[in-house]
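Spelled out, the chains give:
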Amino acid sequence: MATPTFRPGGIRLRRPFLALVLLGGAAQPLAPVLAQSGAANLRDASLPPMKLPAGFQAGVYASGFGKPRLMVVAGNGDVVLSDMKAGKIYILRGTQKATAFTFASGLDLPHGLAFHGGYLYVATQSAVLRYPYSSGDTHASGPAQKVVGLSGGGEHVTRTLSFGPDGRMYVATGSSCNACRETDPRRASVWSYTADGKEARLYASGLRNAVGMAWKDGSLYVGNNGRDYLGDTTPVESFFRLKPGGFYGWPTCFMSGGHMVNDPAYPKADCRGATPAFATVHAHSAPMDLALYGGRMFPASYRGKFFAALHGSSMNAVPVGDKVVLIDPATGQVQDFLSGLVRPDGYINRPVGLAVLPDGSLLVSDDWAGKVYRVTYGK
């Protein structure tokens, strides 16, 4: 087995990443791989051997990226995609297949994305930037404006952002370490800002690396990556419903047996003030993006539930995660949705970003293969 290597975002992989060639230049289209239709999709050699529930199909929506991560859907149906390896933001246009245009380049590990007030916001590892955006734009019409500075570097370098129903911007920054006490309050937390970044508030703390963020009924939900080096089953990965001023355990406490317990490095810490998770998955599954499903294409039982992408980590002797799951926020029940991407000797593909298109289909980015898949239901 290959020696684990480190990649941005605190994810340790089992084999070297093969760089893919990207076409540069503003509004330069990539050559997408076209999706197959119907049951033939699993015979498409460009697709991994994924498993889906009965009635669902998948195809390659676009490909040729370096390290595609998070996505956001514009009002006209265009999809914005961040590519950390290329340092670029792409516009993907199309429903069954996509053409990709370079919107912006030369960015420092771009990751989180959001639309608000006529701007496209981009979270890099050290700042939140924004670009003027009008519906249909395929490249930036002006330079980026710096909205707020962030704490860069450290063990986790991805930054995620989202705008809440209150019009404020919420930014998640992971920890600089595995299980330390941070000296920078911006780390291992979610902060709330005005849209111009001028007024900041600590919103939630104790989140080692909250990558996925999604809103439901006025509440912000996140998926959190727990600490390493405590074995193959400890601690479980946790999903939280945040509240203003909430504390979610790290580094002193984590979920075990349905409640918060002490991290062995902090045996005397008081865990009574730590809010427990509403759902958990296997340790080291590495939750990435969250997407609330409100579309009409999938069966009605999917609406109001979260899709969560599990990226997987090399912390387990046998790889885990590497799939997309469905989470019921009311009960915490978790069930596999898109799986079959992992083998006992390593990962085949690595789901990261999720986005629901206007037609109700689901996009899934894969930063291992440099592709975006589209999942549909029915004929």
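The structure we're discussing is the one just above.
Residues numbered from 1 in each chain as written. Predicted model: local features only at pLDDT ≥ 70, side-chain atom pairs only at ≥ 80, totals over all residues. Heavy atoms only, no water.

### Considerations on the overall build of the protein chain
Inference 1: Counting its secondary structure elements, the protein chain contains zero helices and 31 strands.
Inference 2: With 379 residues in all, the protein chain has 59% of them scored as buried.
Inference 3: Contacts spanning at least 24 positions in sequence make up 56% of the contacts within the protein chain whose residues lie at least 6 apart.
Inference 4: A total of about 14,300 Å² of accessible surface is found on the protein chain, and carbon and sulfur atoms cover 53% of it. (Helix = DSSP H or I, 4+ residues; strand = E, 2+ residues; numbered from the N terminus. Buried < 20%, exposed > 50% of the residue type's maximum accessible area, 1.4 Å probe, protein only. Contact = heavy atoms within 4.5 Å. Areas by Shrake-Rupley, 256 points an atom, 1.4 Å probe, with all protein chains shown as cover.)

### Let's talk about the environment of S162
Inference 1: Within the element layout of this structure, S162 appears in strand 12 (residues 159-163).
Inference 2: Note on S162: relative accessible area 12%, which makes it buried.
Inference 3: Between the alpha carbons of S162 and G212 there is a distance of 9.8 Å; along the sequence they are 50 residues apart.
Inference 4: Leaving out residues up to four positions away in the same chain, S162 has contacts with R168, M169, Y170, M213 and W215.
Inference 5: Of the polar contacts made by the side chain of S162, one reaches the side chain of W215; its length is 2.9 Å. (Polar contact = N/O pair within 3.5 Å; in protein donor to acceptor, adjacent residues only side chain to side chain.)

### Looking at the pattern of salt bridges
Inference 1: For the structure shown, the criterion picks out 12 salt bridges.
Inference 2: Ionic pairing is found between D228 and R208, a salt bridge with its closest N-O pair at 3.5 Å. With a gap of 20 residues between them, D228 in the loop between strand 17 (219-224) and strand 18 (237-241) and R208 in the loop between strand 15 (200-205) and strand 16 (210-216) connect regions that are remote in the sequence.
Inference 3: Using a relative accessible area of 6% as the deciding quantity, one classes D228 as buried. (Salt bridge = Lys/Arg side-chain N within 4 Å of Asp/Glu carboxyl O.)

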